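Architecture and fold: a report
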Amino acid sequence: DTGVSQNPRHKITKRGQNVTFRCDPISEHNRLYWYRQTLGQGPEFLTYFQNEAQLEKSRLLSDRFSAERPKGSFSTLEIQRTEQGDSAMYLCASSITTRTFFGQGTRLTVV
Amino acid sequence: SQQGEEDPQALSIQEGENATMNCSYKTSINNLQWYRQNSGRGLVHLILIRSNEREKHSGRLRVTLDTSKKSSSLLITASRAADTASYFCATDEADSGGGADGLTFGKGTHLIIQP
């Protein structure tokens, strides 16, 4: 499978715990994006990497959120001290030109 | 914040009929993309139309773009039960610095194809 891969697919965590998600983009795609999608809404942009450089962060990305792409390949998104409002689908996407490809997402439930 | 609105929010038609969904947006764009999302799954890229294009076809899909009205439409012809999904338009805003702000999505149209 050469698409965008996300792990885990589902995560249930207790409020206050830290969680980390992984995204493996399509190989050779230099652009990588993270989005968050809540029920009944479209995805909302969180952050963008070009290669290993994080070039843009949405104001949705509070201090509890951090993303890395250490070698310009896979990326991780960490949420510290999770809150119930963090419950959502976290989508990763990659692109090399204008067309953007999405992964299956990680569904986070904070209880 | 979300760029635009899809219209209608929900659409239910009989298999074999055509389905038309509309999308409006607010700012100048480089391109507009349509995606499909099955319940609880990721987004599947359907078609991209650039700001200098007015119409594009891909299989049973036809997309139009009217930049003067800041609107786009997606037509699915000869609908099938498997087309049941949510459909989103997403814009690449013209002042986004080459993709740095990502895509801006609407809330989607939930399409139900009844067999």
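Values in this document were obtained by computation on a predicted structure and should not be read as measured data.

Thresholds applied
Residues numbered from 1 in each chain as written. Chains lettered and ligands numbered in written order. Predicted model: local features only at pLDDT ≥ 70, side-chain atom pairs only at ≥ 80, totals over all residues. Heavy atoms only, no water. Disulfide = S-S within 2.5 Å. Helix = DSSP H or I, 4+ residues; strand = E, 2+ residues; numbered from the N terminus. Buried < 20%, exposed > 50% of the residue type's maximum accessible area, 1.4 Å probe, protein only. 1 Å grid on protein atoms, 1.4 Å probe; cavity = no way out; pocket = protein on both sides within 12 Å on 5 of 7 lines; lining within 4 Å. Points joined across faces, edges and corners; volume = space filled by probe spheres on them. Nonpolar A, V, L, I, M, F, W, Y, C, P; charged D, E, K, R; others polar. Pairing = 2+ DSSP bridges. Axes fitted to C-alpha atoms, helices over the stretch in contact; angles between N-to-C directions. Contact = heavy atoms within 4.5 Å. Polar contact = N/O pair within 3.5 Å; in protein donor to acceptor, adjacent residues only side chain to side chain.

So, on to the state of the cysteines. The full count for this structure, using the stated rule, is two disulfides over all chains. Residue Cys23(A) pairs covalently with Cys92(A) via a disulfide, S to S 1.9 Å. Where Cys23(A) bonds to Cys92(A) through sulfur, the torsion about that S-S bond is close to -70°, and the disulfide is left-handed. Of this pair, Cys23(A) sits in strand β3 (residues 19-24) while Cys92(A) sits in strand β9 (residues 88-95), and the two are 69 residues apart along the sequence. Taking relative accessible area as the criterion, Cys23(A) reaches 0% and is therefore assigned buried. Paired through a disulfide, Cys23(B) and Cys89(B) show a sulfur-sulfur distance of 1.9 Å. Classification of the bridge connecting Cys23(B) and Cys89(B) rests on its S-S torsion, roughly 65°, and on that basis the disulfide is right-handed. Here the residue Cys23(B) occupies a position in strand β3 (residues 19-24), and Cys89(B) occupies one in strand β9 (residues 85-93), the gap between them amounting to 66 residues.

For the rest of this paragraph, the subject is empty space enclosed by the protein. In total, this model carries one cavity of 30 Å³ or more according to the counting rule given. In this model, the largest cavity occupies a volume close to 30 Å³. Forming the walls of the largest cavity are Arg9(A), His10(A), Met89(A), Gln104(A), Gly105(A), Arg107(A) and Gly40(B). Residues of the lining of the largest cavity, tallied by class, amount to one nonpolar, four polar and two charged.

Below, the discussion takes up the sheet that holds β3(A). Residue and element names in this part refer to chain A. Spatially, β1-β3-β8-β7 is the arrangement adopted by the four strands of the open sheet, whose pairing is antiparallel. Taken across any chain shown, the strands that pair with only one partner, and hence form the sheet edges, are β1 (5-7) and β7 (65-68). Adjacent strand axes in the sheet meet at a mean angle of 15° when their direction is disregarded. With three bridges joining them, β1 and β3 adopt antiparallel strand pairing. In the strand pairing of β3, Asn-7 is matched with Arg-22.

Here we come to the environment of Lys56(B). All names here are of chain B. Turning to its location among the elements, Lys-56 is positioned in strand β6 (residues 55-58). The class for Lys-56 is partly exposed, based on a relative accessible area of 28%. For the pair Lys-56 and Ala-78, spaced 22 residues apart in sequence, the C-alpha to C-alpha distance is 17 Å. Setting aside its immediate chain neighbours within four residues, Lys-56 contacts Ile-47, Leu-48, Ile-49, Leu-61, Arg-62 and Val-63. In terms of polar contacts, Lys-56 uses its side chain to reach the backbone carbonyl oxygen of Leu-48, at 3.0 Å.

That is the geometry; function is a separate question.
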